[in-house]
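If you want the building blocks of each chain, they are given just below.
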Amino acid sequence: GTLVISGGEPTVDPRLPEIIASARRRGIRRFVLQTNGVILARPGMLERLLDLGVEGFDISFHSHRPGPYDRITGSRGNHPKVVEGLRKMLGSGRCRVTACVLINAWNYRELPQLAGFLGKLSRERRKEAGSRCEVSFALMNGAGMNTAPHMAVDLKKVAPYLRQALARCRRAGITAQRFTGETALPPC
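Residues numbered from 1 in each chain as written. Predicted model: local features only at pLDDT ≥ 70, side-chain atom pairs only at ≥ 80, totals over all residues. Heavy atoms only, no water.

### Remarks on the sheet that holds strand β6 (residues 175-176)
Remark on secondary structure: sheet strands pair via backbone hydrogen bonds, oriented parallel or antiparallel.
Logical step 1: What the 6 strands build is an open sheet, ordered β1-β2-β3-β4-β5-β6; its pairing is parallel. In this open sheet, the two edge strands, each paired with only one partner strand, are β1 (2-5) and β6.
Logical step 2: The pairing of strand β2 (residues 30-35) with strand β3 (residues 54-60) spans 5 bridges and is parallel. Bridging from a neighbouring strand, Thr35 pairs with Ile59 of β3.
Logical step 3: Here helix α4 (residues 79-92) sits on the sheet and contacts β3, β4 (96-102) and β5 (133-138); the angle it forms with β3, its principal contact strand, is near 150°.
Logical step 4: Contacting β5 and β6, helix α7 (residues 155-172) crosses the sheet at an angle of about 165° to β5. (Pairing = 2+ DSSP bridges. Helix = DSSP H or I, 4+ residues; strand = E, 2+ residues; numbered from the N terminus. Contact = heavy atoms within 4.5 Å. Axes fitted to C-alpha atoms, helices over the stretch in contact; angles between N-to-C directions.)

See below:
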């Protein structure tokens, strides 16, 4: 019953509204968009997607600080746009927002601060619209490790920071999604 739209960056495809409309004609009513969130800062874009039936956004958000964000994503200057997009989504009260964090060598020490940033952002917007933020922590998959081994990090190093981040999520009322799939953390 839910269509997840992903791959590259779906929000830059001019056919996105047509794709959603076509799926609606075929009976699909729920949509989740996996995106970097940059375009959602544009006036009217979020509202347009919500009106089309997008009810969930999985936003790639690997750092709360612009420098590391740019380094991890290979972009320049997109961090403020993503944060603005997150604010708009959380303020809309019309969608589920999941911050998808790829744990890597450049951000693992700052996972607790990232969780704190998301908690603060969620609290600010919750007062206005009742929206909440979720977070999903993931590891690099095999293809990622083959492509960018310099970004891989040992789980023993990650563990204390991830525990602190999860504790901050709990205190902030942020749901940390279960670890599932190919990039899941081991359950032990």
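From this point, the discussion proceeds with the structure in view.
### Quick look at the environment of Tyr69
Logical step 1: Tracing the sequence through the fold places Tyr69 in helix α3 (residues 66-73).
Logical step 2: Taking the C-alpha atoms as reference points, Tyr69 and Val101, separated by 32 residues in sequence, lie 11 Å from one another.

### Here we look at the environment of Gln113
Logical step 1: Residue placement: Gln113 occurs in helix α5 (residues 111-129).
Logical step 2: Under the relative-accessibility criterion, Gln113 is labelled partly exposed at 39%.
Logical step 3: In the structure, Gln113 is positioned 37 residues away from Arg76 in sequence and 21 Å away in space, judged by C-alpha atoms.
Logical step 4: In contact with Gln113, not counting residues within four places along its chain, are His64 and Arg168. (Buried < 20%, exposed > 50% of the residue type's maximum accessible area, 1.4 Å probe, protein only.)

### So, the packing of helix α1 (residues 16-25) against helix α2 (residues 45-52)
Logical step 1: Between α1 and α2, whose axes approach to 10 Å, the crossing angle comes to 15°. In terms of orientation, α1 and α2 fall into the roughly parallel class. For the pair α1 and α2, the sense of crossing is right-handed. Judged by residue contacts, Leu16, Pro17, Ile20 and Arg24 of α1 engage Arg48, Leu49 and Leu52 from α2.
Logical step 2: Partitioned by chemical class, the residues of the contact of α1 with α2 number 5 nonpolar, no polar and 2 charged. (Parallel < 35°, antiparallel > 145°, perpendicular 65-115°, else oblique. Left-handed = near helix turned anticlockwise from the far one by under 90°. Nonpolar A, V, L, I, M, F, W, Y, C, P; charged D, E, K, R; others polar.)

### Notes on α7
Logical step 1: Helix length check: α7, at 18 residues, gives a terminal C-alpha distance of 25 Å against a target of 26 Å (1.5 Å per residue), a fit within 8%.
Logical step 2: The axis of α7 is deflected most strongly, by about 25°, at Tyr161.
Logical step 3: Among the residues making up α7, those that are buried are Val158, Leu162, Ala165, Ala167, Cys169 and Ala172.
Logical step 4: You can read the cap of α7 off the contacts: a side-chain oxygen lies 2.6 Å from the backbone nitrogen of Lys156, and it is on Asp154.
Logical step 5: Two residues or fewer past α7, Gly173 is found with a positive phi of approximately 75°. (Expected span 1.5 Å × (residues − 1). Bend = angle between axes of the 7 residues up to and from the residue. Polar contact = N/O pair within 3.5 Å; in protein donor to acceptor, adjacent residues only side chain to side chain.)

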